[in-house]
Amino acid sequence: MHKYFAVVDELRQDPAVPLGRLKAVALGGQLTAQQVFTRNQRKAGNRQVGDTRLPEVVVQQLNTDDSAPDGAVAQLDVCWDVSTVDVLDRHGKSIVTPDRSERGWTRYTLTNPRGEAPFDDGWFVSNGEDLEKAPCSAA
């Protein structure tokens, strides 16, 4: 998961980084959603400053049977922390609202179509769904 967030942060921080880098960490609906979001942010002239932190990652499900039609699948609950992240507009002014959640949980589905060892480069984030549960503690 850290690799996925590192790529997403890098794309949002530097508009010169090609969107194609997402294909190394995401596929399906998650790939499309991140491409659309990042394109829209870039078009608006917005840029992220700071990195997302992951204080906690909990494996909810792991099926390494790669004979399934979509390959091996895992579900991870990821606590994300954006307390040190700001988003600046094209003039360098913060566009983060004071009521933004700085921490929360998202359940990510990871797919490994090649059946490689768990969580190495064969795994791609294919879906994400925000969870309604108490925010995690700071890292």
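1. Let's talk about the packing of aromatic side chains
1) Next: One pass over the structure, following the stated rule, counts three aromatic pairs.
2) Next: Directly above the ring of Trp-105 sits Lys-133, whose terminal nitrogen or CZ lies 4.1 Å from the centroid.

2. Remarks on the state of the cysteines
1) Next: Applying the stated criterion across every chain yields a total of one disulfide.
2) Next: Between the sulfur atoms of Cys-79 and its disulfide partner Cys-136 the distance amounts to 1.4 Å. Where Cys-79 bonds to Cys-136 through sulfur, the torsion about that S-S bond is close to 50°, and the disulfide is right-handed. Of this pair, Cys-79 sits in strand β3 (residues 72-81) while Cys-136 is found in the segment after β6 (124-131), placing the two residues 57 residues apart along the sequence. For the pair Cys-79 and Cys-136, one class covers both residues: buried.

3. Structural notes on the environment of Glu-56
1) Next: Structurally, Glu-56 can be placed in strand β2 (residues 53-63).
2) Next: As a C-alpha pair, Glu-56 and Thr-106 span 50 residues in sequence and 11 Å in three-dimensional space.
3) Next: Not counting residues up to four positions away in its chain, the partners in contact with Glu-56 are Asp-77, Val-78, Cys-79 and Trp-105.

Cut-off values and rules
- Every chain is numbered independently, its residues counted from 1 as its sequence is written.
- Given that this is a predicted model, residues contribute local features only at a pLDDT of at least 70 and side-chain atom pairs are listed and counted only at 80 or more, while totals for whole chains, interfaces and linings are drawn from all residues.
- Processing note: side-chain calculations cover all non-hydrogen atoms of the structure and skip hydrogens and water entirely.
- Pairing of aromatic side chains requires ring centres within 6.5 Å, counting the rings of Phe and Tyr and the six-membered ring of Trp. Pairs whose planes differ by under 30 degrees are stacked, by over 60 edge-to-face, and all others tilted.
- Two limits define a charge over a ring: the Lys NZ or Arg CZ must be within 6 Å of the ring centre, and within 35 degrees of the ring normal.
- Disulfide: a pair of cysteine sulfur atoms within 2.5 Å of each other.
- Per the convention used, a helix needs a DSSP run of H or I reaching at least four residues, while a strand needs a run of E reaching at least two, with both numbered from the N terminus.
- Working definition: with a 1.4 Å probe on protein chains only, accessible area under 20% of the residue-type maximum means buried, over 50% means exposed, and in between means partly exposed.
- In this analysis, two residues are considered to be in contact whenever any of their non-hydrogen atoms come within 4.5 Å of each other.

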